[in-house]
Amino acid sequence: MVGELVAAGVGLVSAGAVYLMAAARVVKQYERGVVLRLGRLTSPARGPGFTMIIPGVDRMRKVNMQIVTMPVPAQEGITRDNVTVRVDAVVYFKVVDAADAVVRVEDYRFAVSQMAQTSLRSIIGKSELDDLLSSREKLNQGLELMMDSPAIGWGVSVDRVEIKDVSLPETMKRSMARQAEATRDRRARVINADAELQASKKLAEAAAAMSGQPAALQLRLLQTVVAVAAEKNSTLVLPFPVELLRFLEHAGHQAQAQTAQTQAETERARAQRPSAERTVPTDAAPPAPSVPDGAVEDALPALEDLPRVENLRSGSP
């Protein structure tokens, strides 16, 4: 009898241990337990700690309440200004109502991922390229509002959405690089022109101040010579008066004017000569002087006056 009682007690203890092991559940601090009893939701959701369910009747599903970081695959779209881009983003969300996350949606992670992709495509089509590159904060807020409205019915709250990267075609990158280079070149030219204008104004004021005192110009010239001589170079600086250069320039202009006047007078004198004189060639040889016939005969010696040949051989006259 005692043995039977002991055996029955051991059986009860064993059954109780098995039941306890089957019914015991531990919910972690960042989780909530949603219990379905015979397929029907029992409220409220079980909090963190040790809890019990009825084995075979209840079914508990644990829901993570932490913030989930989900990357959104890169989506290719065409912006409002007809530029093809690829944009990827990241979504931060969490479950605020565990019961709704289990009952109202089959897989809330997959639902949030698909909603993020469609919202990203929609925001690409509504925005321009400059907005995607410079106004990301505004686009992030728009994406968050577009995703948070349907997600709140699933017991999910979208904390924030961030656009990570915007990929552009190579042709668009080169065009933007040329545009940026042209913009910087324009700014550099404007700054240089502004500096030249300010420097010219200051130089004009300095010239006006020095014009009243000629000695100031000489002192400035000497300071320039000292500044150049202080450097270790082989440059020889010789001050040359500007007035002398102006005098030489004026003298050169006068000499050119006199030369031009002389040439004009010569041409005028040639034009005033008679036409007969102008037709005679200047390089013709002068005519040979005429000699009378009697003068030629007188100039030749007579035949009788010539010496004989024998005398010429003997050397006598």
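Because the structure is predicted, anything quoted here is derived from the model rather than measured. (Residues numbered from 1 in each chain as written. Predicted model: local features only at pLDDT ≥ 70, side-chain atom pairs only at ≥ 80, totals over all residues. Heavy atoms only, no water.)

Enquirer: Help me out: how do you make sense of the overall build of the protein chain in this one?
Expert: The helix and strand inventory of the protein chain stands at 11 helices and 8 strands. Nonlocal contacts in the protein chain, meaning residues at least 24 apart in sequence, comprise 64% of its contacts between residues at least 6 apart. On the protein chain, roughly 23,900 Å² of surface is accessible, and the fraction owed to carbon and sulfur atoms is 57%. (Helix = DSSP H or I, 4+ residues; strand = E, 2+ residues; numbered from the N terminus. Contact = heavy atoms within 4.5 Å. Areas by Shrake-Rupley, 256 points an atom, 1.4 Å probe, with all protein chains shown as cover.)

Enquirer: When you look at the nonpolar core in this model, what are you seeing that I'm missing?
Expert: Nonpolar side chains tend toward joint burial in soluble globular proteins. The biggest cluster of nonpolar side chains holds 36 residues, and the ones touching the most others in it are Val85, Val91, Phe93, Tyr108, Leu120 and Met147. Of all the elements in the fold, those that place two or more residues in this core are β6 (68-78), β7 (84-95), α2 (98-103), α3 (108-126), α4 (129-134), α5 (136-151) and β8 (156-167). A per-element tally of this core places α3 first, with 8 residues. Residues in contact with Phe93, not counting those within four places in the same chain, are Gln66, Ile67, Val68, Met70, Tyr108, Val112, Val156, Ser157, Val158 and Asp159. (Core = buried A, V, L, I, M, F, W, Y, C linked by side-chain atoms within 4.5 Å. Buried < 20%, exposed > 50% of the residue type's maximum accessible area, 1.4 Å probe, protein only.)

Enquirer: Would you take a moment to explain unusual backbone geometry for this structure?
Expert: Excluding glycine, a negative phi dihedral is what most residues carry, and trans is how most peptide bonds are arranged. Even without glycine at this site, Leu38 takes up a positive phi of about 55°. For Asn82, which is not glycine, the phi dihedral falls at a positive 60°. Looking at where Asn82 falls in the secondary structure, it is placed in the loop between β6 and β7.

Enquirer: What am I meant to see in the pairing of strand β3 (residues 40-46) here?
Expert: The side chains of a regular strand alternate between the sheet's two faces. In this structure, strand β2 (residues 31-37) lies alongside β3, joined through 4 bridges in antiparallel fashion. Looking at the pairing, Arg37 lines up with Arg40 of β3. The hairpin turn running from β2 into β3, its antiparallel successor, is 2 residues long, and Leu38 in that turn takes a positive phi close to 55°. (Pairing = 2+ DSSP bridges.)

Enquirer: Before we go on, may I ask you to explain the side chain of Thr51 in this structure?
Expert: Structurally, the position occupied by Thr51 is in strand β4 (residues 49-52). A polar contact of 2.6 Å, which involves the side chain of Thr51, links it to the side chain of Arg46. Those residues within four positions of Thr51 in sequence are excluded, and the remaining contacts are Ala23, Ala24, Arg25, Val27, Arg46 and Met60. (Polar contact = N/O pair within 3.5 Å; in protein donor to acceptor, adjacent residues only side chain to side chain.)

Enquirer: How should I be thinking about the side chain of Glu162 in this particular structure?
Expert: Among the structural elements, Glu162 can be located in strand β8. For Glu162, the side chain forms a polar contact with the side chain of Asn140, separated by 3.2 Å. For Glu162, the residues in contact, after removing those within four places along its chain, are Ala89, Val90, Tyr92 and Asn140.

Enquirer: Sorry, what's going on with α5 here?
Expert: Residues separated by three or four positions in an α-helix point in the same direction, a consequence of the helix having 3.6 residues per turn. Across its 16 residues, α5 extends 22 Å between first and last C-alpha, which sits within 8% of the 22 Å expected from 1.5 Å per residue. Those residues of α5 lying buried are Leu139, Asn140, Leu143, Met147 and Ala151. Seen along its axis, α5 keeps its buried residues to an arc of 100°; they face one direction. Turned more than 90 degrees away from the buried face of α5 sit Glu137, Lys138, Leu145 and Ser149, all of them exposed. Where α5 is buried, its residues touch β7, α3, α4 and β8. (Expected span 1.5 Å × (residues − 1). Arc of directions from axis to C-beta.)

Enquirer: Which parts of the structure should I look at to understand the sheet that holds β3?
Expert: Hydrogen bonds between backbone atoms are what pair the strands of a sheet, whose relative direction is either parallel or antiparallel. Strand order in the open sheet formed by 3 strands is β3-β2-β5, and the pairing between neighbours is antiparallel. What marks the edges here is a single partner per strand, and that holds for β3 and β5 (58-64). Here the average twist between neighbouring strands, direction ignored, is 25°. (Axes fitted to C-alpha atoms, helices over the stretch in contact; angles between N-to-C directions.)

Enquirer: Got a minute to help me understand the environment of Thr79 in this structure?
Expert: Secondary-structure assignment places Thr79 in the loop between β6 and β7. Between the C-alpha atoms of Thr79 and Leu132, which are 53 residues apart in sequence, the distance is 9.0 Å.

Enquirer: In this structure, what is going on with the sheet that holds β8? I would like to understand it.
Expert: Read across the open sheet, the 3 strands follow the order β6-β7-β8; overall the sheet is antiparallel. Of all the strands in the sheet, the pair left with one neighbour each is β6 and β8. The sheet shows a mean angle of 25° between the axes of neighbouring strands, direction not considered. Strands in contact with α3 are β6, β7 and β8; relative to β6, the strand with the most contacts, it is inclined by about 35°. Against the sheet, α5 engages β7 and β8, with an angle of about 140° to β8.

Enquirer: How should the pattern of salt bridges be read in this particular structure?
Expert: Between side chains of opposite charge, a pair can form when the charged atoms approach closely. What the rule picks out here adds up to 7 salt bridges. Lys173 is paired through a salt bridge with Glu170; the nearest N and O atoms lie 3.9 Å apart. Remark: Glu170 and Lys173 occur in helix α6 (residues 170-211); sequence separation between them is 3 residues, near one turn of the helix. With a shortest N-O distance of 3.5 Å, Arg189 and Asp185 are connected by a salt bridge. Taken as a pair, Arg189 and Asp185 lie in helix α6 at a separation of 4 residues, close to a single helical turn. (Salt bridge = Lys/Arg side-chain N within 4 Å of Asp/Glu carboxyl O.)

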